[in-house]
Amino acid sequence: MKLPIENRKYSTEITADDDGEHVSIAGWVHEKRDLGGVFFLIVRDREGFAQVTLHKRKVDKELFERAKKVPRESVVAIEGIVKSEQKAPNEYEIIPERIEVLSVASHVLPLDTTGKVGAELDTRLDARFMDVRTERTKHIFIIRSRVLKAIRDFLDERGFIEINTPKIVSAATEGGTALFPITYFEREAFLNQSPQLYKQMLIASGLDKVCEIAPIFRAEEHDTTKHLNEATSIDVEVAFVSNETVMQLLEELIALVYSMVAAYPGLDSFNLDFKIPKTPFRRITYDEAIDVLLERGEQIEWGEDLSTSAEHILGKTIGEHYFITDWPRAIKPFYAQPIEGKDTCDAFDLMHPRLELASGSQRVHSYELLKANIESKGLSADSFEFYLNAFRYGMPPHAGWGLGVERLLMSMLGLDNVREVVLFPRDRRRLVP
Ligand code: AMO
């Protein structure tokens, strides 16, 4: 049986033109304003706010007293008549005939949902369900949902097949240190750091262009504003193409996401100078990046990975999205294609001026070279047999990348901490909620 409230309208579905209509709404008591003879209940639903107005002399006394007593953030259902009112949200008010309190909120609230009293991120994350009731946080998660949909549509339109690969695995992909071990019956297993090996194996399956949007797990020790222990990665892998082709796909995707978000009305909550990045993005080699850093007085030697301070110097110098290409082989994984005659490989990072957003590469597709690369990193080829096998029976040349959803959102919305864009973040200290 349906609930009577299922025929409710969102606050934004009612307008001043509905003057005289009978409507029902439901939501949370956002604010109460008592002007003596008139009492206002501001009711909040997902889409906005509605003003419920009770005139002491005109309404039933019991209804008036009940409305006054209902604690803030309680859930209410209201039935009443719409009246045009220029000063109210959406220029209408509701004169109630019935107020039903569906759930009474406790008096001391963990957070102020009006946003008037700010709270530390930790307090907000502890009461995340409540934090999402505030406008800005709500918009983050609506934007996140729309960004993911836009990315899925973008990849679907370009012929990608969405895959789901296992998250319980037997081997590392991105270097041995950042794995979470788990007990898998009698054996040791790990949470997957990246779908890397599986997306490459599916290139041998003939699916040709594959993508996955899924969690990745990294046992990052350090507590930073850009690292999560559980993140979401958008991975693609494409057969018969070069690095440059997948880099173009990536910059096109970033520009599309920005232009979609630029049209989102809730963007006002973020106080941003929102610019859609222009494509093509600048490409600099690792060698050029090192030259810039040395010129700016940064202590770095060729062959070292870029520190956060190095990323900031480059970001300030370049000032927009850019790619760093031609990385030293030693700091990129075994699956990146070496550049002949050099100690660099055909790998790239996509950088936002503040931080790294994505990594990718042309992949090694020769069985012998891949096996030698695995061994040269001090790893055992035996533990990669399931992966190496896919290179023995017909593996096309291929390239791909992984893009961090949280880093993309954090940089796009100008947020200071990556945890802002995860509903229930997992970090060194945080396992609940
Ligand atoms: P990489 O390890 O660079 O590459 O990861 C790709 C992207 O994933 C995001 N990311 C993270 N975001 C938040 N917290 C973390 N701890 C974290 N770790 C990674 C970043 C990063 O740029 N297999 C390759 C991709 C490929 O070559 O296809 C890989 O995983 O945005």
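Heads up: these notes are all about the structure in this document.

1. Brief notes about helix α1 (residues 61-69)
Among the residues of α1, L63, F64 and A67 are the ones counted as buried. Along the axis of α1, the buried residues cluster in a sector spanning 100°; they form a single face. Counted as exposed and oriented over 90 degrees from the buried face of α1: K61 and K69. In this fold, the buried residues of α1 make contact with β1 (22-34), β2 (38-44), β3 (49-55) and β5 (92-103).

2. Regarding the packing of aromatic side chains
According to the stated counting rule, one finds 13 aromatic pairs in the structure shown. Taking the centre distance of 5.6 Å and the plane angle of 85° together, the rings of F334 and Y335 count as edge-to-face. Y335 shares its class with F334; the two are buried. For the pair Y387 and F391, a centre-to-centre distance of 5.1 Å together with 70° between the ring planes defines the contact as edge-to-face. Accessibility expressed as a relative area gives 5% for F391, which makes it buried. Aromatic ring contacts, followed pair by pair, group F334, Y335, F384, Y387 and F391 into a single cluster. One residue, K332, lies across the ring of W327, its end atom 4.5 Å from the ring centre. The aromatic ring of Y367 is capped on one face by R392, whose charged end is 5.5 Å from the ring centroid.

3. What about the site of the ligand?
Around the ligand, 23 residues are found, and the nearest of them are Q196, R218, E356, S359 and R363. One of the side-chain nitrogen or oxygen atoms of R218 is found 2.7 Å away from an oxygen atom of the ligand. Side-chain polar atom of S359 to an oxygen atom of the ligand: 2.6 Å apart, as the coordinates give it. For the ligand, whose free accessible area comes to 630 Å², the fraction covered by protein is 93%. Elements with a minimum of two residues in the shell around the ligand: α5 (196-203), β15 (355-362) and β16 (398-404). Grouping the constituent residues of the shell around the ligand by class yields seven nonpolar, eight polar and eight charged.

4. Here we look at the side chain of D349
When you line up the elements, D349 lands in strand β14 (residues 344-352). A polar contact of 2.8 Å, which involves the side chain of D349, links it to the side chain of K332. Sequence-distant contacts of D349, defined by excluding residues within four places in its chain, comprise Y322, F323, I324, W327, K332, E356, A358 and S359.

About the thresholds
- Residues numbered from 1 in each chain as written.
- Predicted model: local features only at pLDDT ≥ 70, side-chain atom pairs only at ≥ 80, totals over all residues.
- Heavy atoms only, no water.
- Buried < 20%, exposed > 50% of the residue type's maximum accessible area, 1.4 Å probe, protein only.
- Helix = DSSP H or I, 4+ residues; strand = E, 2+ residues; numbered from the N terminus.
- Arc of directions from axis to C-beta.
- Contact = heavy atoms within 4.5 Å.
- Phe/Tyr/Trp six-rings, centres within 6.5 Å; stacked < 30°, edge-to-face > 60°.
- Lys NZ or Arg CZ within 6 Å of the ring centre and 35° of its normal.
- Near = heavy atom within 4 Å.
- Polar contact = N/O pair within 3.5 Å; in protein donor to acceptor, adjacent residues only side chain to side chain.
- Areas by Shrake-Rupley, 256 points an atom, 1.4 Å probe, with all protein chains shown as cover.
- Nonpolar A, V, L, I, M, F, W, Y, C, P; charged D, E, K, R; others polar.

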